[in-house]
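# Examining the three-dimensional arrangement
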Amino acid sequence: MKGTMLLLVCLGYGMLSAAAAAAQLQPGERRDTPGSGSMSRSARDEAIENEIEIELPSNSGGNAAFWMVTAALDRRIRNTEKRLENLQRENEMLTSSLRAMERRLTYRLVKAESSVKELGRDISERPKIAFSASLGGVGSRGPYNTDTTLTFRDVITNIGNAFRPATGIFTAPLRGVYLFSLFECSLSPQPASLSLHKNEQMMVSVAKRRAQHEGAENGSNGVVLQLEQGDQVYVRLWKDSWVYDSTAHYTTFSGVLLFTL
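Let me begin by describing the structure that accompanies this report. All values derive from a computational prediction rather than experimental measurement. (Residues numbered from 1 in each chain as written. Predicted model: local features only at pLDDT ≥ 70, side-chain atom pairs only at ≥ 80, totals over all residues. Heavy atoms only, no water.)

### Quick look at the nonpolar core
Nonpolar side chains in soluble globular proteins tend to be buried together. By size, the foremost hydrophobic cluster in this structure holds 26 residues, and its most contacted members are Phe 170, Phe 180 and Phe 253. Listing elements by their share of this core, those giving two or more residues are β3 (130–134), β9 (176–188), β10 (192–198), β11 (201–208), β12 (215–227), β13 (232–237) and β15 (252–260). Beyond its immediate stretch of four places on either side in the chain, Phe 170 contacts Ile 129, Phe 131, Ala 162, Phe 163, Tyr 178, Phe 180, Leu 227, Asp 231, Gln 232 and Val 233. (Core = buried A, V, L, I, M, F, W, Y, C linked by side-chain atoms within 4.5 Å. Buried < 20%, exposed > 50% of the residue type's maximum accessible area, 1.4 Å probe, protein only. Helix = DSSP H or I, 4+ residues; strand = E, 2+ residues; numbered from the N terminus. Contact = heavy atoms within 4.5 Å.)

Below you can see the structure in the form of structure tokens.
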């Protein structure tokens, strides 16, 4: 269509040029051309055809270049749109993955917080039993003519009130595992021997024979015991033994509940 329009324009332009040239001639004059007389009609048509032959390739080449550039731009636009679609899909996949991860982390966080709360409640509700006491007073206890249960009247700690300082006996309020320790101090050359008992059974002892030198000596022992509710633990001073204490708490008896059973 565009080629046809260009042809018609060129033909019109040729005829207008010929008419203008004819109008400029005086009556009776003829237009001369170099090397010949006047231009015949066939020569003028040939010139117009040459002009058409020259213009058509130039115009066709311009259209081809335009369409080549347009096609290249169209390909670039399509490629860009395709890349954009791929990026949008990747973004949607990443968003979905992040949301799934957020849900998993939220679940784990809620579960961890619930576990911490349960642990806190368990710790707060767990029974707390612990005591520590010394003989009290300043001076020695003993000697006695028989094994004697010691009373520890200077109470340092008595959480749960399971220890009775007046009798020196600890009564287990719960079935569980307990840790007990015994520390003693004696003045040489006096002998000092003590033992820790569970009910009527001797469990551990601290013993020091008569020394040849002057001064204070210390001994200690400890034991982990499984007790039933109501079991009793206490310390006995052996026959013919001495132990010493003061406000510095040299001779002590302690116990703590480790866990219930």
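### Notes on the side chain of Thr 151
As for its position among the elements, Thr 151 is in the loop between β5 (148–149) and β6 (154–159). Under the relative-accessibility criterion, Thr 151 is labelled buried at 15%. Discounting residues that sit within four places of it in the chain, Thr 151 has contacts with Leu 135, Arg 141, Pro 165, Ala 166, Thr 167 and Gly 168.

### What to know about unusual backbone geometry
Residue Pro 143 is reached from Gly 142 by a cis peptide bond, and omega for that bond is 0 degrees. The residue Pro 143 is located in the loop between β4 (139–141) and β5 in this model. Phi angles above zero are rare outside glycine, and Asn 199 is one such case at about 55 degrees. Within the secondary structure, Asn 199 is located in the loop between β10 and β11. The exposure class assigned to Asn 199 is partly exposed, which follows from its relative accessible area of 31%. Positive phi values are uncommon outside glycine, yet Asp 240 reaches one of about 65 degrees. Within the secondary structure, Asp 240 sits in the loop between β13 and β14 (243–245).

### Let's talk about the packing of aromatic side chains
Scanning all chains against the criterion turns up 12 aromatic pairs. Their ring planes at 75 degrees and their centres at 5.1 Å tell us that Phe 131 and Phe 253 sit as a pair that is edge-to-face. Taken together, the residues span a long stretch of sequence, with Phe 131 in strand β3 and Phe 253 in strand β15 at a distance of 122 residues. Neither Phe 131 nor Phe 253 differs from the other in exposure class; each is buried. With a centroid separation of 5.6 Å and 65 degrees between ring planes, the pair formed by Phe 170 and Tyr 178 is classed as edge-to-face. Each member of the pair, Phe 170 as well as Tyr 178, is classed as buried. (Phe/Tyr/Trp six-rings, centres within 6.5 Å; stacked < 30°, edge-to-face > 60°.)

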